[in-house]
Structure formats: C-alpha cells, structure tokens
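One letter stands for each residue in the lines below.
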Amino acid sequence: MTKTQVVHIATASPEKTPLSKAQKEFNRLTQKISELDIELGNFRTAATAVQQRIRAEYSPLVRTYNQQRANLVRLFDRAHDHPESTKTERRKLAELIIDIGRDLVGRHGLDELKPVLAKYDSSDTDPPVADEQSLNQMKEQLSLRYGITFDDSADLSTPEKLKTYVAEQLRNRQTAGQQQATTNERPRSAKKQAREEKRQQEQRNRTKAVRTMYMDLVKTFHPDREPDEDEKARKTTIMQRVTEAYEKGDLMGLLQLQLEYNRIDQARLERLAEDQLRYYNKILKQQADDLGQELYTLQRDLAEMLGRPIATVSSPMGLEFSVNNDIRSLKRSVKDVKREVSELSNSAYLKAWLKVYER
C-alpha cells in the first residue's frame, strides 16, 4: 500500500507551545515506522528477485556442481579397484571418496552414492568406543555443570548412554520442581493483581483506540448503501485498505487513511489529549518493533539460504552483491571440477596427481 501522507505533529514554532514529550515520541515513532515500511518494502522486492535468481541460476549450478563431484567420487572408486593401484594410492583415494562422499550424501542428499561411500566409510555402523578415562572426564564435567550424581548401577558405558542418563535426570528434576512450585503456589499479591489489571486495562484502551479510528472510517466509506456505482467502487477500494490496516493492528495506516481522506486534520492531530497520545505511542512502538523483527527475520532467512553472514545481506545492494559473488564463484567451481574429472580420467595423470596429493 502506498503511503500518501506522513503522520507528523508539526514542530513547534515561536508562536506555538513547544511539543510535549508524548508528541515528540509520537513523531519519532511515526518516522521510524515510515522508514521501516520503506526499507521492508525495498527488501521484499530485492528478496523476491534474489529468490527467482536462486531458482533460475544458483540452484541449477549447485546441482551441476554436485553431480560433477559425484562423477569424481565414482572415478576415484574405479581407480581404487584397479589392479595396478598401489596401497598408498588406494589409501589416498579412499580418503578422497570419504571426504567428498560424506558431504554429497549428508548435506546434499545424493543417496545414489551411499553404496560407494559404504565401501570406505564405516563410521555410521562402527562408532569408536570411548575409553574409560574419556567417560570419567565427561561424567565429571556433566556433574559440575548440572549438579548430577551418577548411579553406579546405571549403564553409562558410552557417551550416548551418558547423555541419555543426564537428559532423563534433568527431566525428572524439572518435573519435581514444577510439582513443588504448584504445591507452594499462593494467591497473587495485591500489587501483582493491580499490575495485571492495569496491563489488561491498557490493552483494552489500545484496542479501543484502534477500533474507534476504524469505526469512524467504516461509517464514512462502507459501500453497501452507496447508490452511485463509481463511488461505490471507490469506497470498496478504500474499505479494503481500512480493513487490512485494522486486521494488522496498523495504527499508522489508519491514521494515514484519516489524514488522506480528511477524517482528521493537522490541527486536530496536534490537539490530541496526552493520555490518548500515550496509548497511540504504545501501539506505534509495538508496530515499529514488529516491523523491525519482520525485516530481521527476512534478512536472517536469506542469509541462511545463501550461507552468508547476515551483515552481507542487510541491504538490497548488499544482497544483490552477495548473490552475484556466489553465482560467479559457483560457475568457476563448476568449470574447475569439470576440468578435474576430464583430466583425472587419464590414469597416468591420476597417478601423477596422487603422488603429490596430501590431505
């Protein structure tokens, strides 16, 4: 929705009474919301463009890159089984197959490589057995951290069993604590009750402030009783904006609609009572916080999708720069791995390469 007017109490002039603290806070919050609204809109547009590029360019490149790496794993597997391969070559090839194969299967879901990987990687089926000293050190650390006394009769022969035992003890402790808290629960004090009643009253007042504004707009623009078809269509469009703002609790949007359609003028805005302004400010602060959280969540999700620090995608320009870099880098990687597959397919070249290869 395009915002046509800025909701702002005019700055005091020499002829006017200086702005009150609540008026200044109102201006600060409305300005912040306007800026966040613009920033969020710009970022959504940039994020949509980036997501389209990820689907159209980046994801196909990732698939191509991983398939070429899978070809490399299969090439190493064939070379490992070749009768002329030396013991040292087989060891190095096995290391390469495990390193690349684990990543492709575990992170990228190339399950077709599981049979190849199983020939060389037994870590999933034969986990290393922890020695007694390591287990005792783990017990000591967990005991200090959680204040747990270990039962000598319990089976704590592996780190996994040790962790399971600790988790069970912590759950038992939490349950006992909840039962104790319920037993010791007393009626809330008069102060707590008064604070809760005050909080609920403020919530009712805030809801009433938004609803009062909403109902004023509804009475003016509801299209049902409008005989003129053109005017009815105009009011229907306005009511869609009014309803959307109300359902979102968008006080700023409702104020802007009131200004836009002359339901409140600047002079009346300046004469708002201090208690009404304070309620407005509480709603506006929550709205600004929600917008800030929405922007952060969008940035965080995109950063995770791209595997980048959030600071590199905190602006549309930074987001575009990051994606361009990723695509260029991935294109180079695809080119490099294709070249490796081609060159290492030559057995003589592979032997020479393995001779100098060090993990």
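Refer to the preceding data block for the structure.
Each value, and the rule that gives it
- Residues numbered from 1 in each chain as written.
- Predicted model: local features only at pLDDT ≥ 70, side-chain atom pairs only at ≥ 80, totals over all residues.
- Heavy atoms only, no water.
- Axes fitted to C-alpha atoms, helices over the stretch in contact; angles between N-to-C directions.
- Helix = DSSP H or I, 4+ residues; strand = E, 2+ residues; numbered from the N terminus.
- Parallel < 35°, antiparallel > 145°, perpendicular 65-115°, else oblique.
- Left-handed = near helix turned anticlockwise from the far one by under 90°.
- Nonpolar A, V, L, I, M, F, W, Y, C, P; charged D, E, K, R; others polar.
- Salt bridge = Lys/Arg side-chain N within 4 Å of Asp/Glu carboxyl O.
- Buried < 20%, exposed > 50% of the residue type's maximum accessible area, 1.4 Å probe, protein only.

The subject of this paragraph is the packing of helix α1 (residues 21-80) against helix α11 (residues 316-344). One way to put it is that α1 packs onto α11 with a least axis distance of 9 Å and a crossing angle of 15°. In terms of orientation, α1 and α11 fall into the roughly parallel class. The chirality of how α1 crosses α11 is left-handed. Grouping the amino acids of the contact of α1 with α11 by side-chain chemistry returns 20 nonpolar, six polar and seven charged.

Time to look at the pattern of salt bridges. Evaluation of the coordinates by the stated rule reveals 17 salt bridges. A salt bridge links glutamate 294 to arginine 44, with the shortest nitrogen-to-oxygen separation between them at 2.5 Å. One end of the pair, glutamate 294, is in helix α10 (residues 274-306); the other, arginine 44, is in helix α1, with 250 residues separating them in the sequence. When its relative accessible area of 40% is taken as the criterion, arginine 44 is described as partly exposed. Arginine 53 serves as the salt-bridge partner of glutamate 57, at 3.0 Å between the closest nitrogen and oxygen. Taken together, the positions of glutamate 57 and arginine 53, both in helix α1 and four residues apart, correspond to about one turn of that helix. Residue class for glutamate 57 comes out partly exposed when judged on its relative accessible area of 30%. The class for arginine 53 is partly exposed, based on a relative accessible area of 25%. Taken together, the shared-partner salt bridges in this structure form one network comprising Arg69, Asp103 and Arg107.

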